[in-house]
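Here is how the chains run, residue by residue.
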Amino acid sequence: MIRSLLSALVISGLGLGTLAWGTDGFRAFTDEGARRHAIHTNPRPVPAARLQDQDGRRFDLRDLRGRLVAVEFIYVNCPTVCVSLGQSFQRLRNALPPERLGQDLLLLSISFDPERDTPARLSDYGKRHQADDEHWRVVRVEDRDELEALLRSFGIVVIPDRFGGFEHNAALHLVDRQGRLARIEDFDRPLEFAARLESWL
């Protein structure tokens, strides 16, 4: 009886040790958790992408180096998660020091539906969520190859549905001043993300 109990304890201990080692101290129980942990410990460069904003202005993602950039991925026609993302970005913007917005920190909503999301439609999305064109820019990536590379680097999976829309994952992303993806956080916790951003400012 005692021997069986000791054997069970040893096996349990080995199992927990293996689980702790395989999940980096229990921090990564899922593929997404492992990916986020890898990015948090080793930020990865974001690829170059030419963007067009809600006012029709064109610029390169690399032009934003030197500032922190909070990024969300959306499409204008999205009736569900993108609405929540827009609301999270509103709460994020309202929680941040206004004097740092635009200068040290930019909010960027990137559409992955560039064919339909023209500047006029991007502007409509911005107005719905009270995004200005200085502190919070709503953009599309016109080049399909650049868009695909950007989605891959951020870990965004976009799958067309049967209704002309998309199924996609959602998160809040932080690109650091060196142009590297440095953090990925849950989109339904914008105030925690705001506090983390403030610690980086």
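Bear in mind the structure is a predicted one, so any value in this text is a computation, not a measurement. (Residues numbered from 1 in each chain as written. Predicted model: local features only at pLDDT ≥ 70, side-chain atom pairs only at ≥ 80, totals over all residues. Heavy atoms only, no water.)

Asker: Hey, could you run me through helix α5 (residues 144-154) in this one?
Answerer: Along an α-helix, a turn takes 3.6 residues, which lines up residues three or four apart on a common side. Of all the positions in α5, only E146, L147, L150, L151, S153 and F154 are classed as buried. Looking straight down α5, one finds that the buried residues subtend no more than 165° of arc, so they occupy a single side. Turned more than 90 degrees from where α5 packs its buried face, D145 and R152 sit exposed. Where α5 begins, the capping side chain belongs to D143, and its oxygen is found 3.1 Å from the backbone nitrogen of D145. (Buried < 20%, exposed > 50% of the residue type's maximum accessible area, 1.4 Å probe, protein only. Helix = DSSP H or I, 4+ residues; strand = E, 2+ residues; numbered from the N terminus. Arc of directions from axis to C-beta. Polar contact = N/O pair within 3.5 Å; in protein donor to acceptor, adjacent residues only side chain to side chain.)

Asker: For this particular structure, what's the right way to read the sheet that holds strand β3 (residues 58-60)?
Answerer: What holds strands together in a sheet is hydrogen bonding between their backbones, with the strands either parallel or antiparallel. Strand order across the open sheet formed by 8 strands is β1-β10-β9-β4-β5-β6-β2-β3, with mixed pairing between neighbours. Of all the strands in the sheet, the pair left with one neighbour each is β1 (44-45) and β3. Here β1 pairs with strand β10 (residues 180-185) via 2 bridges, running antiparallel. Considered in β10, the bridge of R44 is made with L181. Each of β1 and β10 is contacted by helix α2 (residues 31-41), which is oriented at about 135° to β10, the strand it contacts most. The sheet strands contacting α5 are β1, β2 (50-53), β4 (68-74), β5 (105-111), β6 (136-141), β9 (172-175) and β10, and the helix crosses β4 at an angle near 105°. (Pairing = 2+ DSSP bridges. Contact = heavy atoms within 4.5 Å. Axes fitted to C-alpha atoms, helices over the stretch in contact; angles between N-to-C directions.)

Asker: Can you walk me through the nonpolar core in this structure?
Answerer: In a soluble, globular protein the nonpolar side chains are often hidden away together inside. Counting residues in hydrophobic clusters, the biggest one holds 52 residues, and the most contacted among them are F73, L92, L107, L108, L150 and F154. Of all the elements, β4 adds the most residues to this core, at 6 residues. In this structure L108 touches L51, F59, L61, L64, V69, A70, V71, E72, F89, R137 and V139, once residues within four positions along its chain are discounted. (Core = buried A, V, L, I, M, F, W, Y, C linked by side-chain atoms within 4.5 Å.)

Asker: Help me understand empty space enclosed by the protein in this model?
Answerer: The rolling of a water-molecule-sized probe over the atoms marks out the regions of remaining empty space. The full count for this structure, using the stated rule, is 1 cavity of 30 Å³ or more. In this structure, the largest cavity encloses a volume near 90 Å³. If you trace the largest cavity, you find it lined by V46, P47, L61, R62, L64, R65, R67, V69, V175, D176 and G179. Grouping the amino acids of the lining of the largest cavity by side-chain chemistry returns 6 nonpolar, 1 polar and 4 charged. (1 Å grid on protein atoms, 1.4 Å probe; cavity = no way out; pocket = protein on both sides within 12 Å on 5 of 7 lines; lining within 4 Å. Points joined across faces, edges and corners; volume = space filled by probe spheres on them. Nonpolar A, V, L, I, M, F, W, Y, C, P; charged D, E, K, R; others polar.)

Asker: Got a minute to help me understand α2 in this structure?
Answerer: Those residues of α2 that fall on the buried side of the exposure criterion are G33, R35, R36, H37 and I39. Looking at the packing, one finds that the buried side of α2 touches β1, α5 and β10.

Asker: Could you clarify how one ought to interpret the pairing of β2 in this entry?
Answerer: Remember that side chains alternate between the two faces of the sheet whenever the strand is regular. Of the pairings in the sheet, the one linking β2 to β3 comprises 3 bridges and is antiparallel in character. Residue pairing across strands places Q52 opposite R58, the latter belonging to β3. If you look at the hairpin formed by β2 and β3, you'll find 4 residues sitting between the two strands, and G56 has a positive phi there, around 85°. When β2 meets β6, the two strands line up antiparallel, connected through 3 bridges. By the bridge assignment for β6, D53 is matched with V139.

Asker: Before we go on, may I ask you to explain the pattern of salt bridges in this structure?
Answerer: When the charged atoms of two side chains lie near each other, side chains of opposite charge can form a pair. The final tally for this structure, using the stated rule, is 21 salt bridges. Linking E32 and R35 is a salt bridge whose minimum nitrogen-to-oxygen distance equals 3.1 Å. With E32 and R35 both in helix α2 and 3 residues apart, this pair spans about one turn of that helix. A salt bridge links D113 to R116, with the shortest nitrogen-to-oxygen separation between them at 2.8 Å. By sharing partners, the salt bridges in this structure join E32, R35, R36, D186, R189 and E192 into a single network. (Salt bridge = Lys/Arg side-chain N within 4 Å of Asp/Glu carboxyl O.)

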